[in-house]
Amino acid sequence: MCIRDRNTNKNTTDEEEDDEKFPWYNTLDDQIYFLVATHADQKVEKNQQLFYFYGSRTNKYLLSWYGFCYSNNRYDSYSFRFWMKQTDLDGFNAIKNMVYDTSLSYYEWENGTTTFNGRKISTFDLTKEIRLKKSRLNEEILVYLRGICIPKYPEKEFPETSKIVNQVTSIDYEILIVNYAACIIDHIVSRFKHSLEDDERLLENVGANPRLRFALIYRMEQQSLLRENAKMLNILLQILVQLKNGVDFKTAYLTPTYKYESGDRLEVLSNRLKLSSYLKKLNYYIGNQ
């Protein structure tokens, strides 16, 4: 066992840690059975209790390496990539076929190939991981979709491409992009064989089977995270539609989306905080029209 103090570096954000931050940990060393990592010198007496921080880890990581996971994990995320070689961009179904949400193995990375939709593809044709979290909108999905959809968008005059993908340049175009993003999330959710409500009922009757309990918690948290992202996108879509209809910016973003919100002011502000980075870009665009 190796002991190093990591408590002084505990993550105060909701960002999960990357494995490559621990170069001293060799996964191929067959003499490491359990490892407690610290940064500072620390003497541990015999029979002294140790308090172990597992790290800022997703449920997937915890379940894979430690055999457990838990609800409301602030570090949890749902990861996927886009396959950039999709050439048929007609309709929502084509965009759905770009979603690669299978974990790449070490050997697939080494060989540079993986299987996608029944064919072998190069891993170099996949984007970096897009990690969705409950706490905020991940704008990377919008950046990729802006670039992908440019050839099919009927509007002819755009500024240079770099600005198109990184900034809001058209309310109509943003409505299209956010709609695509919401469709992708709905598509991913639809592939789960059991609904979140079904799993909640199963969890109530799971008994003392820990493997099944943790599997259900993992699956429920993934669905809950995806639903939260769908809600963010649909709230954003309503804001954009209101702006298109001539509503002023402050009224548009503060108006509750009653399908997803009760109307409580604190709830509305909490949901807008998750969209704050995007809303700043949107406000900048409106202010420069």
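Keep in mind that this is a model prediction, so the values were computed, not measured.

Novice: Looking at this structure, how should I read unusual backbone geometry?
Specialist: Negative phi values dominate among residues other than glycine, just as trans dominates among peptide bonds. In this structure, Asn 47 takes a positive phi of about 70 degrees despite not being glycine. Position of Asn 47 relative to the elements: it lies in the segment before helix H1 (59-66).

Novice: Mind showing me how you'd approach helix H7 (residues 196-204) here?
Specialist: Every α-helix carries 3.6 residues per turn, so stepping three or four residues along brings you back to the same face. Among the residues making up H7, those that are buried are Leu 196, Asp 199 and Leu 203. Summarising the axial view, the buried residues of H7 lie within an arc of 60 degrees, below the 170-degree limit, and thus occupy one face. On its buried side, H7 packs onto helix H8 (210-244).

Novice: Sorry, what's going on with the pattern of salt bridges here?
Specialist: Pairing of side chains with opposite charge becomes possible as their charged atoms draw close. Evaluated as defined, the whole model comprises 14 salt bridges. Ionic pairing is found between Glu 129 and Arg 131, a salt bridge with its closest N-O pair at 3.3 Å. Judged by its relative accessible area of 31%, Glu 129 falls in the partly exposed class. Of the charged contacts, one joins Arg 201 and Asp 198 as a salt bridge, the two residues approaching to 2.5 Å between their closest N and O atoms. In this pair, Arg 201 and Asp 198 are both assigned in helix H7, three residues apart and thus about one turn of the helix distant.

Novice: Hey, could you run me through the packing of aromatic side chains in this one?
Specialist: As enumerated under the stated definition, the model contains 12 aromatic pairs in all. On the numbers, 5.1 Å between centres and 70 degrees between planes, the contact of Tyr 54 with Phe 68 is edge-to-face. With Tyr 54 in the segment before H1 and Phe 68 in the loop between H1 and strand E1 (78-82), the pair connects residues that are 14 residues apart, well separated along the chain. Judged by its relative accessible area of 31%, Tyr 54 falls in the partly exposed class. Each ring, one from Phe 249 and one from Tyr 253, has its centre 5.0 Å from the other, and the planes form 55 degrees; the classification is tilted.

Calculation criteria
- Residues numbered from 1 in each chain as written.
- Predicted model: local features only at pLDDT ≥ 70, side-chain atom pairs only at ≥ 80, totals over all residues.
- Heavy atoms only, no water.
- Helix = DSSP H or I, 4+ residues; strand = E, 2+ residues; numbered from the N terminus.
- Buried < 20%, exposed > 50% of the residue type's maximum accessible area, 1.4 Å probe, protein only.
- Arc of directions from axis to C-beta.
- Contact = heavy atoms within 4.5 Å.
- Salt bridge = Lys/Arg side-chain N within 4 Å of Asp/Glu carboxyl O.
- Phe/Tyr/Trp six-rings, centres within 6.5 Å; stacked < 30°, edge-to-face > 60°.

Function cannot be inferred from these measures alone, as they are strictly geometric.
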